[in-house]
Amino acid sequence: MISAFYNGKSILITGATGFLGKVMMEKLLRTSPDLKVIYILVRPKAGQTLQQRVFQILNSKLFEKVKEVCPKVHEKIRAISADLNQHDLAISKEDMQELLSHTNIIFHCAATVRFDDHLRHAVQLNVTATQQLLSIASQMPKLEAFIHISTAFANCNLKHIDEVIYPCAVEPKKIIDSMEWLDDAIIDEITPKLIGDRPNTYTYTKALGEMVLQQEGGNLNIAIIRPSIVGATWQEPFPGWIDSINGPTGLIVAAGKGFLRSIRATPMAVADLIPVDLVINLTLAVGWYTAVHRPKSTLIYHCTSGNLNPCHWGKMGFQVLATFEKIPFEKAFRRPNADFTTNNITTHYWNAVSHRVPAIIYDVYLRLTGRKPRMTKVMNRLLRTLSMLEYFINRSWEWSTYNTEMLMSELSPEDQRVFNFDVRQLNWLEYIENYVLGVKKYLLKEDMAGIPEARQHLKRLRNIHYLFNTALFLIAWRLLIARSQVARNVWFFIVSFCYKLLSYFRASSRLKV
Ligand SMILES: CCCCCCCCCCCCCCCCCCCCCC(=O)SCCNC(=O)CCNC(=O)[C@H](O)C(C)(C)COP(=O)(O)OP(=O)(O)OC[C@H]1O[C@@H](n2cnc3c(N)ncnc32)[C@H](O)[C@@H]1OP(=O)(O)O
Ligand SMILES: NC(=O)C1=CN([C@@H]2O[C@H](COP(=O)(O)OP(=O)(O)OC[C@H]3O[C@@H](n4cnc5c(N)ncnc54)[C@H](OP(=O)(O)O)[C@@H]3O)[C@@H](O)[C@H]2O)C=CC1
């Protein structure tokens, strides 16, 4: 039913070149190959034209299955040049006309997901662009539904979060206006006051974006999806696909490569991870439901795992490390051996001992061998990233999922199978193993044939580690003996004790003979 609904439709996706957007395009084309067209708003980037960007995406591994059911996949995608930072999204008049007269469904995924973005930029993308898209949508006579991707953390200042829009203290319109005339220095000064008890500009501006939808949605048929931490694919088009370094993925890479050795986290806090294919299945089901059933008010759908099938950071971390044993990453800096710390003192200690000192030693080695030092820079970046993610791994939230469960019960058995978003069926250990494998294959692009060499490399690192520790111990001990009478006495006591023990065993073995 859902697949049939999208056939013949013209669908507009923003953020189609992003992590969620690509999985959405893939699923739409695979399950509804007779859809009319997918318009995607794309900006030229990294020296590539729009066409080159789209070509690269459609020819990636993710789209291999699609081509079996929809060989003319290139013809189904119509890339439209746009920049969500610009007025009217910088869409040309002709393109705008085409969008206005044909679009049936909008999926608004584009956003800045950086936690450290300047408030002006985050407001522009996550609030003003949403406002502009709404205004464009309101001029589309054939529009059936406007689906907005928000985040479950938009209200992370609360502990229990319902499927409702929570107001922010300052109206989004006032924030948008003020960003136009305030200079950067003043914005920097007021940012902490505006974001209040939220941890960053991202969560704050996503909450403002929701308010804009509520206030300026007019008669549009709107729904909001709030996913939690989106991870690699669970099942479709194949397990473990990921190409984004955001969220836990960056830390999995850092741990697997041996950079990350300790992380401040609460092992019993809920790791509210959700596979990207499950998020997309829910989003497409919501698109269908919103267009066909036209609910009276804007429905919000939490796409989270914590209340139906919870997994904790401790369990997740353990399984990640266990997978590294089986499937090591190539060219690791140190053996993967990360651990959780739970308070400030131990965190500072392990950051110094396990992160900063090895980086300095390695940089000295690089200098001595005539190369450019770089490890301290890498470590500083990692520590900064950790400090930004820590907020999310030391707390648990409760999200109610009434609307999501209601929608599940509305689907036919066939739709429940094809657009499965029932997180209760997910086996975490299996999922995490596939996730780590996917990071190695699809993100790091490492060949599985390199695993024996990676194992050898880890063995060498272990031997270097033992050698280094023994040398360090002997040097420290030698220095201590030279300076302290007590240490000297202890040392002589141990040596004479060992000597006596040895003589005793020798004598008793001679007696037996
Ligand atoms: C027992 C112990 C076991 C241990 C095992 C360990 C695992 C188990 C524990 C796991 C705990 C997990 C906790 C997760 C909590 C997530 C909560 C999310 C909640 C909200 C979710 C949402 O609602 S929303 C989406 C989330 N939003 C983000 O999660 C953005 C965050 N992040 C940033 O805000 C910026 O990242 C930040 C940080 C400013 C740095 O910023 P930064 O500037 O220092 O670094 P960048 O990120 O820009 O990039 C750095 C370099 O990676 C390159 N790179 C980029 N993509 C690439 C690609 N695809 N392939 C190759 N390389 C790629 C890039 O090209 C750069 O390289 P280069 O410099 O050489 O060009
Ligand atoms: N990933 C996650 O863990 C979670 C994500 N979400 C939400 O899901 C949505 C998608 O996130 P995700 O796919 O991970 O993010 P990505 O960063 O992977 O993708 C962001 C997309 O937005 C586009 N974009 C950014 N700036 C502009 C611009 N100025 N003009 C045009 N397009 C632009 C990007 O285009 P380009 O390729 O040109 O940069 C890209 O296609 C977001 O709304 C996010 O808030 C919610 C919860 C968790």
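Just so you know, these numbers come straight off a predicted model, no measurement behind them.

A. Summary view of the domain arrangement of the protein chain. For the protein chain, the domain assignment lists domain 1 (2-242 + 272-310), domain 2 (243-271 + 311-446) and domain 3 (454-512). When domain 1 packs against domain 2, the two sides together hide about 5,000 Å² of surface, and 63% of this comes from carbon and sulfur. It is Trp-234, Ile-242 and Leu-273 in domain 1 that bury the most area against domain 2; as a group they hold 15% of the surface buried on that side. Joining domain 1 to domain 2, the criterion identifies 2 salt bridges. Lys-22 serves as the salt-bridge partner of Asp-243, at 2.4 Å between the closest nitrogen and oxygen. At the junction of domain 1 with domain 2, the criterion picks out 28 residue pairs in polar contact (both at pLDDT 80 or more). Of all elements in the fold, only helix H1 (2-6), helix H2 (19-31), strand E6 (160-161), strand E8 (229-231), strand E10 (273-275), helix H12 (276-293) and strand E11 (299-303) reach the threshold of two or more residues within the side of domain 1 that touches domain 2. By residue number, the principal contributor to the side of domain 1 that touches domain 2 is H12, which donates 9 residues. Partitioned by chemical class, the residues of the side of domain 1 that touches domain 2 number 32 nonpolar, 18 polar and 11 charged.

B. Representation of the UniProt feature "domain: Thioester reductase (TE)" (unreviewed entry) in the protein chain within the structure. With numbering matched to this structure, UniProt assigns "domain: Thioester reductase (TE)" (unreviewed entry) to residues 13-282. Taken end to end, residues 13-282 is 42% helix and 14% strand, and its first and last C-alpha atoms sit 16 Å apart.

C. Representation of the nonpolar core within the structure. Counting 108 residues, the largest nonpolar core has Ile-13, Ile-40 and Leu-407 as its most contacted members. It is H12 that contributes the most residues to this core, 11 residues altogether. Counting contributing residues per domain, this core is built from domain 1 (2-242 + 272-310) and domain 2 (243-271 + 311-446), each supplying no fewer than three. When neighbours within four sequence positions are excluded, Ile-13 is seen to be in contact with Met-24, Met-25, Leu-28, Ile-38, Tyr-39, Ile-40, Leu-41, Phe-107 and Cys-109. Among the nonpolar cores identified, the runner-up in size contains 46 residues, and Cys-168, Leu-194, Leu-208 and Val-212 belong to it.

D. Geometry of helix H16 (residues 402-410). Among the residues of H16, those classed as buried are Asn-403, Thr-404, Leu-407 and Met-408. Angularly, the buried residues of H16 cover 145° about the axis, an arc narrow enough to put them on a single face. Summarising the geometry of H16, the exposed residues directed more than 90 degrees from the buried face are Tyr-402 and Ser-409. Contacts made by the buried residues of H16 are with H12, E11 and helix H17 (413-418).

E. Spatial organisation of the pattern of salt bridges. Applying the stated criterion to the full structure yields 18 salt bridges. Between Glu-414 and Arg-417 there is a salt bridge whose closest N-O contact spans 3.1 Å. Within this pair, Glu-414 and its partner Arg-417 are both found in helix H17, separated by 3 residues, close to a single helical turn. In this structure Glu-414 comes out as partly exposed when scored by relative accessible area, which is 43%. Because the salt bridges share partners, they merge into one network encompassing Glu-26, Lys-27, Arg-30 and Glu-236.

F. Structural view of the site of ligand 1. Around ligand 1 lies a shell of 30 residues, among which Arg-114, Phe-115, Thr-151, Asp-243 and Gly-247 are the nearest. With respect to ligand 1, the backbone of Phe-115 contributes an N or O atom lying 2.8 Å from an oxygen atom. Within the contact set of ligand 1, an oxygen atom lies 3.0 Å away from a side-chain nitrogen or oxygen of Arg-381. Its free accessible area being 1,500 Å², ligand 1 has 74% of it covered by the protein chains.

G. A look at the sheet that holds strand E1 (residues 10-14). The parallel open sheet is built from 7 strands, whose spatial order is E3-E2-E1-E4-E5-E7-E11. Two strands in the sheet have a free side with no partner beyond their single neighbour: strand E3 (77-81) and E11. Averaged over all pairs of adjacent strands, the angle between their axes in this sheet comes to 20°, without regard to strand direction. Here strand E7 (residues 222-227) runs beside E11; their pairing, made up of 5 bridges, is parallel. Considered in E11, the bridge of Ile-225 is made with Tyr-301.

H. Geometry of the site of ligand 2. The environment of ligand 2 is formed by 25 residues, the closest being Thr-17, Lys-45, Arg-53, Tyr-202 and Lys-206. At 2.6 Å, a side-chain N or O of Arg-53 approaches an oxygen atom of ligand 2. Here Val-230 contributes a backbone N or O atom positioned 3.1 Å from an oxygen atom of ligand 2. Relative to its unbound accessible area of 890 Å², ligand 2 is 89% covered by the protein chains. Looking at side-chain class alone, the shell around ligand 2 contains 13 nonpolar, 7 polar and 5 charged residues.

What counts and what doesn't
- Residues numbered from 1 in each chain as written.
- Chains lettered and ligands numbered in written order.
- Predicted model: local features only at pLDDT ≥ 70, side-chain atom pairs only at ≥ 80, totals over all residues.
- Heavy atoms only, no water.
- Domains from an automatic or database assignment.
- Buried area = accessible area lost by both parts, 1.4 Å probe.
- Salt bridge = Lys/Arg side-chain N within 4 Å of Asp/Glu carboxyl O.
- Polar contact = N/O pair within 3.5 Å; in protein donor to acceptor, adjacent residues only side chain to side chain.
- Helix = DSSP H or I, 4+ residues; strand = E, 2+ residues; numbered from the N terminus.
- Nonpolar A, V, L, I, M, F, W, Y, C, P; charged D, E, K, R; others polar.
- UniProt positions renumbered as here; feature names shortened; annotations may be inferred.
- Core = buried A, V, L, I, M, F, W, Y, C linked by side-chain atoms within 4.5 Å.
- Buried < 20%, exposed > 50% of the residue type's maximum accessible area, 1.4 Å probe, protein only.
- Contact = heavy atoms within 4.5 Å.
- Arc of directions from axis to C-beta.
- Near = heavy atom within 4 Å.
- Areas by Shrake-Rupley, 256 points an atom, 1.4 Å probe, with all protein chains shown as cover.
- Pairing = 2+ DSSP bridges.
- Axes fitted to C-alpha atoms, helices over the stretch in contact; angles between N-to-C directions.

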